[in-house]
Amino acid sequence: MWINCNLIHLSTILPLIINISLCMATCYNGEYEINGQCCPMCDAGKRVYLHCDEFSSITCVSCTKDTYTESSNGLRECLQCSVCDLSNNLRVIKACTVTSNTACEPLPGHYCIEVNGKSCLKAEKHSTCSPGQYINQTGTEFRDTVCAPCPAGSYSDGTLCKLHTNCESFKKITIKPGTEKDDAECTNDEQSYKLPLILMFGVCVLVVIVVIVVIIVKKKKSYRLAAQDPHSRL
Ligand SMILES: *[C@@H]1O[C@H](CO)[C@@H](O)[C@H](O)[C@H]1NC(C)=O
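Residues numbered from 1 in each chain as written. Predicted model: local features only at pLDDT ≥ 70, side-chain atom pairs only at ≥ 80, totals over all residues. Heavy atoms only, no water.

S.K.: How would you explain the overall build of the protein if you had to name every residue and give the values?
M.R.: What the protein contains, in helices and strands, is three helices and 16 strands. Counting across all 234 residues of the protein, residues that qualify as buried make up 24%. By sequence separation, contacts in the protein at least 24 residues apart represent 32% of the contacts at least 6 residues apart. A total of about 16,800 Å² of accessible surface is found on the protein, and carbon and sulfur atoms cover 61% of it. (Helix = DSSP H or I, 4+ residues; strand = E, 2+ residues; numbered from the N terminus. Buried < 20%, exposed > 50% of the residue type's maximum accessible area, 1.4 Å probe, protein only. Contact = heavy atoms within 4.5 Å. Areas by Shrake-Rupley, 256 points an atom, 1.4 Å probe, with all protein chains shown as cover.)

S.K.: Can you tell me about the side chain of Gln37, naming the residues and giving the values?
M.R.: Topologically, Gln37 is positioned in strand 2 (residues 37-40). In terms of polar contacts, Gln37 uses its side chain to reach the side chain of Glu54, at 3.3 Å. (Polar contact = N/O pair within 3.5 Å; in protein donor to acceptor, adjacent residues only side chain to side chain.)

S.K.: Which residues make up the site of the ligand, and what values do they have?
M.R.: In the vicinity of the ligand, the contacting residues are Asn136, Gln137 and Ala148. Separating an oxygen atom of the ligand from a side-chain N or O atom of Asn136 is a distance of 2.2 Å. At 3.3 Å from an oxygen atom of the ligand is found a side-chain nitrogen or oxygen belonging to Gln137. When the ligand sits alone it has 360 Å² of accessible area, and the protein chains cover 34% of it. (Near = heavy atom within 4 Å.)

S.K.: I'd like a rundown of the environment of Cys38, residues and numbers included.
M.R.: As for its position among the elements, Cys38 is in strand 2. Residue classification places Cys38 among the buried positions, given a relative accessible area of 3%. C-alpha of Cys38 to C-alpha of His51: the two residues are 13 residues apart in sequence and 9.5 Å apart in space.

S.K.: Provide a residue-level description of the packing of aromatic side chains, including the pertinent values.
M.R.: Pairs of aromatic rings are described using the distance from one ring centre to the other and the angle between the two planes. Under the counting rule described, the total for this entry stands at zero aromatic pairs. Positioned over the ring face of Phe170 is Lys172, at 6.0 Å from the centre of the ring. (Phe/Tyr/Trp six-rings, centres within 6.5 Å; stacked < 30°, edge-to-face > 60°. Lys NZ or Arg CZ within 6 Å of the ring centre and 35° of its normal.)

S.K.: Hey, could you go over the side chain of Asp144 for me, with residue numbers and the actual values?
M.R.: Within the fold, Asp144 resides in the loop between strand 11 (133-137) and strand 12 (146-149). Beyond its immediate sequence surroundings of up to four residues, Asp144 is in contact with Tyr111, Lys125, His126, Ser127, Gln137 and Gly139.

S.K.: Quick one: what's the story with unusual backbone geometry, residue by residue and with numbers?
M.R.: One can expect most non-glycine residues to show negative phi and most peptide bonds to be in trans. Within the chain, Asn35 stands out as a residue other than glycine whose phi angle is a positive 50 degrees. Here Asn35 lies in the loop between strand 1 (31-34) and strand 2. Under the relative-accessibility criterion, Asn35 is labelled exposed at 71%. Here Asn89, not a glycine, exhibits a phi torsion of approximately 60 degrees, which is positive. Tracing the backbone through its elements, the reader meets Asn89 in the loop between strand 6 (79-80) and strand 7 (90-94).

S.K.: Tell me about the state of the cysteines, and please be specific about residues and values.
M.R.: Scanning all chains against the criterion turns up 10 disulfides. The disulfide partner of Cys167 is Cys186, and the S-S distance across this bridge is 1.9 Å. Linking Cys167 and Cys186, the disulfide has an S-S dihedral of approximately -80 degrees and is accordingly described as left-handed. Residue Cys167 is found in the loop between strand 14 (162-163) and strand 15 (173-176), and its partner Cys186 is found in strand 16 (residues 185-187); the two are separated by 19 residues along the sequence. The class for Cys186 is partly exposed, based on a relative accessible area of 26%. (Disulfide = S-S within 2.5 Å.)

S.K.: So, a nonpolar patch on the surface: which residues are in play, and what are the values?
M.R.: Judged by side-chain polarity, Phe201, Val205, Ile209, Val213 and Val217 come together as a nonpolar surface patch covering roughly 460 Å² of accessible area. Here Ile209 shows up in helix 3 (residues 190-228). (Patch = residues over 30% accessible without salt bridge, like charges linked within 9 Å, V, L, I, M, F, W, Y side chains within 5 Å. Salt bridge = Lys/Arg side-chain N within 4 Å of Asp/Glu carboxyl O.)

S.K.: Can you tell me about the pattern of salt bridges, naming the residues and giving the values?
M.R.: Going through the model one piece at a time under the given rule, you end up with two salt bridges. A salt bridge links Glu105 to Arg91, with the shortest nitrogen-to-oxygen separation between them at 2.8 Å. Taken together, the residues span a long stretch of sequence, with Glu105 in strand 8 (residues 103-106) and Arg91 in strand 7 at a distance of 14 residues. Judged by relative accessible area, which is 14%, Glu105 ranks as buried. By relative accessible area, Arg91 is classed as partly exposed at 38%. Residues Lys176 and Glu185 are paired through a salt bridge, measuring 3.6 Å at the closest nitrogen-oxygen approach.

None of the figures reported here should be taken as evidence of function without further support.
Written as structure tokens, this is what we have:
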């Protein structure tokens with residue numbers, strides 16, 4: 001139903017301002033006010049094509065593709081459906097209908113940093129934890145990854161902390177102590193650790209012996225030559 005405000009205006013002696021507020025207040029729930037008249041609203045999924053007037057009721061039309069109205073309304077245009085933008089790291093969870101806007105969610109491995117109702121407006125990639133840290137709480141659709149430092153004596157690649165190998169407890173020798181991102185390095189046993197040193201020492205001794213032998217042989221040779229040569233002073 002609509003009420004003609006002109007009639008009210010003519011039949012009243014109250015100031016215009018009260019007349020207007022009276023008109024505004026006259027529209028029932030499910031009606032909207034236009035040009036001093038109350039028109040019934042269009043249903044969700046539709047919009048106003050022609051407002052009602054003294055002579056005819058309202059004309060509504062359905063929203064077209066990629067537009068919607070969520071509730072009864074007196075709108076001349078339907079609302080534009082949102083787009084789940086890849087550049088905002090979003091994907092569609094619910095396509096737009098004439099009565100509901102598109103709903104977006106973060107891409108896998110991302111979390112929402114801006115929400116509007118049930119839809120995400122903007123998402124960001126989950127952080128990765130650094131070496132020396134572990135994932136205390138995995139990232140969700142709504143929350144970033146939570147990293148925490150590995151306890152002393154352990155190391156990680158950024159996921160789980162593992163204790164440094166204690167070489168001595170395996171009767172091995174530490175050749176490199178553990179760091180926050182690498183395990184300690186052990187060698188099998190004392191012998192294999194010292195073997196290269198022993199070999200090197202052995203080679204040195206051998207070289208010295210060979211040199212000494214060569215010198216002695218040469219000396220002996222030159223004595224012998226001197227003995228055969230009468231002009232030699234030796
Ligand atoms: C790890 O997460 C738990 C909750 O799951 C929290 O209570 C704790 O403080 C966190 N630890 C660190 C070191 O952040």
